[in-house]
Structures are given as C-alpha cells and as structure tokens.
Amino acid sequence: MSTLQLSLAILGGLVLAAIVAHGTWQARRNEVKRVALEPGAEPAPLQEPSFAPTEPPRADDTGPKAEAEDSQPPRIEPTLVRRAAGLPRLDALIDAIATLTVDNPVSGETAIAHLPPARRAGSKPLLVEGLNAESGEWETPAAGQRYGEFQAGVQLANRSGALNEIEYSEFVQKVQAFAEPIGALPDFPDMLDVVARARELDAFAGQHDAQLALRLVSRGAAWSLGYVQQHAARHGFMVGALPGRLVQPGEDEGAPPVLTLQFDPQAALADEPSQAAVRELTLAFDVPQTAAAAAPFAAWCAAGEALAAELDAAMYDDSGQPLQPAAFASIGQALESLYEALAARDLAAGSAATRRLFS
C-alpha cells in the first residue's frame, strides 16, 4: 500500500470515528432526562395520587445525608388534602343578603330538610345561615340546634362575572321556596341596587386580579415525570389533586396552594408515566388567593430561578417573551400596589372574602 493510500485510509477512519461520536452525543442530548439511580437499582414505579395525608418534604436538609438521598429514586408523595378550616360565611362586602324572620325557633333538622338542593344561583354561590338560639352565633344550619332567625345571601361577583338580574331572580325564588315551609318571612334588597353593586364590585375585581406565571422550557433534552418531581420536591412541591399539577401547600388548614407547578396532564395520565416526556412547566401563583405575609412572590422568584438552573430551562413570561431575573424587581413593585389597593377595599389578599370573590 502506498503512502498516499495509507494516509487516505487513516483520514477516513478518523472521519468515521468523528461521525459516530457526534451521533452518540446527539442521541444522549435528545434522551429524556431521568431521575438519578444508584448503580444496579431499579426505577421506582410512579404512584397514582391519593388522598392520604403525608409529611411534606423538608427543604432545609443539607449535608452528606441529603446528598445521598438526592441520588435515590424519587418517592412520589401522595396528594396532601387539608381539612377545611371552616365553611364559607356570608359577608356584606361581597354578598347580597336577605333576612328571614320567624315567629318561633326552627329546628336544624327542619331547616336542613328545606335548604335549596343546588346552592347556586346561576354561576354565583348561595349561602343560608341561621342564628343559633343558644349561642347567638350565625352558622350553617346543623342538626340538634334551634334557630330564631335566618339570612340568605348570593355572591355579587366572582371570576365568572357580576351577578345579573336573572341570577338574582333565581336567588329570590330559591329563598322563597326555603322560607315558606319553615314559616319565615323574607325581606330582599332591591334588585336594581344589588345588580349595580355587583357590577361595581366586578369592575374593581377585574382591575385588581392577577395570576403570575412563568414558563420553564427545556433548553435541550426533555424531562421524565420522575425527574421533574425529584427536583420539585426539593422546593416543597407535592402531587396535586389534578393531573399535571404539583402544589406547594400553604401553612394554614384549608388554604389554597402558595405555588403551583403545571405540566401537560397527559404525561401524568400516561400508561407508563416513567416514559412520559415533559418539555415545559408553568410556575404560577394566584395573587388574591394568598396572603402577602406568606411571601408567595419571593417563593415564586426563588423557585423559578432554582428550577431553571437545575433543569437547564429557559424562563419565559406567559406571552412567550424571555424573562430575566432582573425583571422580578419591577413585578414586585407592581404587586405591592395591588396588595395595597385590595387592603384599602377591606379585601386583603388571602382573606376569606377575597378568596371567594376571586374564585
């Protein structure tokens, strides 16, 4: 073989090796990122969400023990369901309230038997309360109690819009159907006044509603569902009640999540979730639903930056524009103004009335 032939053979071998190496790199780059496993360990099967309470993951664990645990297959936490702190209560700020007077106390059993079967007027919640003859407190009618007066209310507005004339008429009909068999005389507020209040409250709510969201989009390989859950768990997220939703729960019982991390629900419902690929996440929090004292904005910023770094993801706003951490300061200033406007209306973020209004 001549020197020229030998040189060409060597050059061809080098080119072939480079092509194989490039193909291998591309294949690895496009693989779905999966959770880290100990050598020889089997992937942990993904569990369906359940309603059993569980201890939240501890976000402050550090040191060798935490590093060892990070390499283990993720334990898919069951859904956290908190006991409701209390039933909704009527509030003159957001409800149109009718009074119902009775000549004699009415038993809780009688009141319950005649409550409207559907506690809504159109898209607006309808509530009935009784004045407990013994405690003197307004409460939802309960068996074994007696009530000397009743009041019924319909919510003036929610995220479906303002209470309208048709919905108010439905409210009146349902309350009258409740009042007649218990011998109560209802007194309703004027419909035109109620509808005007509803429109004004709806206009205020529309101007002061906000739900912050940032999108985390993979820069390279897609993520497996377990890989996402492994990293999210480090920041206090748990499997939510809805498919495609992880939640960072609030501290108080009955409180909505502080943050939510959402992805394609089809990945959570896949026959083999461990094989499902996720390329995009949405990190969000509902501003009126969470008290400012819980610092949801700081948690949103911190979780967004941390997950972007850990998952090798780019951050975008909900309109698809790149989002840089430097923009968080201006968002925070606007948020403070929103909190102040809600508080000035006696509808502080996270209060019971505010959560009902912005629902």
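Quick note: structure is the one above.
Residues numbered from 1 in each chain as written. Predicted model: local features only at pLDDT ≥ 70, side-chain atom pairs only at ≥ 80, totals over all residues. Heavy atoms only, no water.

Chemist: Just checking my understanding: could you explain the pattern of salt bridges for this structure?
Modeler: Oppositely charged side chains can pair when the atoms bearing their charge come close. Taken as a whole and assessed by the stated rule, the structure comprises 10 salt bridges. The closest approach of N and O atoms between Asp 95 and Arg 356, which form a salt bridge, is 2.8 Å. With Asp 95 in strand S1 (residues 95-107) and Arg 356 in helix H10 (residues 352-357), this residue pair connects regions lying 261 residues apart in the sequence. The buried category is assigned to Arg 356, whose relative accessible area is 13%. With a closest N to O distance of 3.6 Å, Arg 219 and Asp 312 form a salt bridge. Here Arg 219, found in the loop between strand S9 (211-218) and strand S10 (223-224), pairs with Asp 312, found in the loop between helix H8 (296-311) and strand S16 (313-317); they are 93 residues apart in sequence, far enough to count as distant. Judged by relative accessible area, Arg 219 falls into the exposed class, the value being 53%. By relative accessible area, which is 34% here, Asp 312 ends up partly exposed. One network of salt bridges, with partners in common, ties together Arg 159, Asp 209 and Asp 286. (Salt bridge = Lys/Arg side-chain N within 4 Å of Asp/Glu carboxyl O. Helix = DSSP H or I, 4+ residues; strand = E, 2+ residues; numbered from the N terminus. Buried < 20%, exposed > 50% of the residue type's maximum accessible area, 1.4 Å probe, protein only.)

Chemist: Just checking my understanding: could you explain the side chain of Ser 224 for this structure?
Modeler: As for its position among the elements, Ser 224 is in strand S10. Under the relative-accessibility criterion, Ser 224 is labelled buried at 4%. A polar side-chain atom of Ser 224 sits 3.1 Å from the main-chain amide nitrogen of Tyr 227. (Polar contact = N/O pair within 3.5 Å; in protein donor to acceptor, adjacent residues only side chain to side chain.)

Chemist: Even after reading the chapter, I still don't get the packing of H8 against helix H9 (residues 328-344), so can you show me in this structure?
Modeler: Packed helices, taken two at a time, are described by the angle their axes make and the gap between the axes. Running from N to C, H8 and H9 point in directions that differ by 160 degrees, and their axes come no closer than 11 Å. Comparing the axis directions of H8 and H9 gives the class roughly antiparallel. H8 and H9 meet at a crossing whose hand is right-handed. Of the residues in H9, those in contact with Pro 296, Phe 297, Trp 300, Cys 301 and Glu 305 of H8 are Phe 328, Ile 331, Gly 332, Leu 335 and Tyr 339. In the contact of H8 with H9, the residues fall into 8 nonpolar, 1 polar and 1 charged. (Axes fitted to C-alpha atoms, helices over the stretch in contact; angles between N-to-C directions. Parallel < 35°, antiparallel > 145°, perpendicular 65-115°, else oblique. Left-handed = near helix turned anticlockwise from the far one by under 90°. Contact = heavy atoms within 4.5 Å. Nonpolar A, V, L, I, M, F, W, Y, C, P; charged D, E, K, R; others polar.)

Chemist: Explanation requested: the packing of helix H6 (residues 225-233) against H8 in the structure shown.
Modeler: In the contact formed by H6 and H8, the axes pass within 10 Å of each other and the chain directions differ by 140 degrees. Relative to H8, H6 is oriented oblique. Remark: the crossing between H6 and H8 carries right-handed chirality. Mapping the contact onto sequence places Tyr 227, His 231 and Ala 232 in H6 and Leu 307, Glu 310 and Leu 311 in H8. Grouping the amino acids of the contact of H6 with H8 by side-chain chemistry returns 4 nonpolar, 1 polar and 1 charged.

Chemist: Can you walk me through the nonpolar core in this structure?
Modeler: As a rule of thumb, soluble globular proteins bury nonpolar side chains together. The biggest cluster of nonpolar side chains holds 74 residues, and the ones touching the most others in it are Phe 150, Phe 171, Leu 281, Phe 285 and Trp 300. Both domains that meet at this core, namely domain 1 (95-205) and domain 2 (209-358), each give it at least three residues. Aside from chain neighbours lying at most four places away, what touches Leu 281 is Leu 214, Arg 215, Leu 216, Trp 223, Val 228, Leu 261, Gln 262, Phe 263 and Leu 311. (Core = buried A, V, L, I, M, F, W, Y, C linked by side-chain atoms within 4.5 Å. Domains from an automatic or database assignment.)

Chemist: I keep staring at the environment of Gly 122 and nothing clicks. Help me out?
Modeler: For Gly 122, the position within the fold is in the loop between strand S2 (120-121) and strand S3 (124-132). Taking the C-alpha atoms as reference, Gly 122 lies 8.6 Å from Tyr 168; in sequence the two are 46 residues apart. With near-sequence residues (within four places) excluded, Gly 122 lies in contact with Glu 167 and Glu 170.

Chemist: Would you explain the sheet that holds strand S13 (residues 259-262) in this entry?
Modeler: Hydrogen bonding along the main chain pairs the strands of a sheet, whether they run parallel or antiparallel. On the basis of which strands lie adjacent, the open sheet formed by 6 strands has the order S11-S12-S13-S15-S9-S16 and antiparallel pairing. Two strands in the sheet have a free side with no partner beyond their single neighbour: strand S11 (238-239) and S16. Along the sheet, H6 contacts S11, strand S12 (245-248), S13 and strand S15 (280-286); its crossing angle with S12, the most-contacted strand, is approximately 5 degrees. (Pairing = 2+ DSSP bridges.)

Chemist: Honestly, the packing of aromatic side chains in this entry has me stumped. Any pointers?
Modeler: Any pair of aromatic rings gets described here by the distance separating the centres and the angle formed by the planes. A full pass over the atoms with the stated rule returns 7 aromatic pairs. Seen from their ring centres, Phe 150 and Phe 178 are 5.7 Å apart, and the 80 degrees between their planes marks the pair as edge-to-face. Of this pair, Phe 150 sits in strand S5 (residues 146-155) while Phe 178 sits in helix H4 (residues 165-182), and the two are 28 residues apart along the sequence. Each member of the pair, Phe 150 as well as Phe 178, is classed as buried. Through pairs of rings, three or more aromatic residues link up here, namely Phe 285, Phe 297, Trp 300 and Phe 328. The cationic tip of Arg 345 hangs over the ring face of Phe 204; the distance from NZ or CZ to the ring centre is 4.8 Å. (Phe/Tyr/Trp six-rings, centres within 6.5 Å; stacked < 30°, edge-to-face > 60°. Lys NZ or Arg CZ within 6 Å of the ring centre and 35° of its normal.)

Chemist: Sorry if this is basic, but what is going on with H9 here?
Modeler: Over its 17 residues, H9 extends 24 Å from the first C-alpha to the last, a length consistent with the 24 Å expected when each residue adds 1.5 Å. Of the residues making up H9, those classed as buried are Phe 328, Gly 332, Leu 335, Leu 338, Tyr 339 and Leu 342. Looking down the long axis of H9, one finds its buried residues gathered within 120 degrees of arc, a one-sided arrangement. Residues of H9 that are exposed and point over 90 degrees away from its buried face: Ala 329, Gln 333, Glu 340 and Ala 344. Looking one or two residues past H9, Asp 346 carries a phi angle of roughly 60 degrees, positive in sign. (Expected span 1.5 Å × (residues − 1). Arc of directions from axis to C-beta.)

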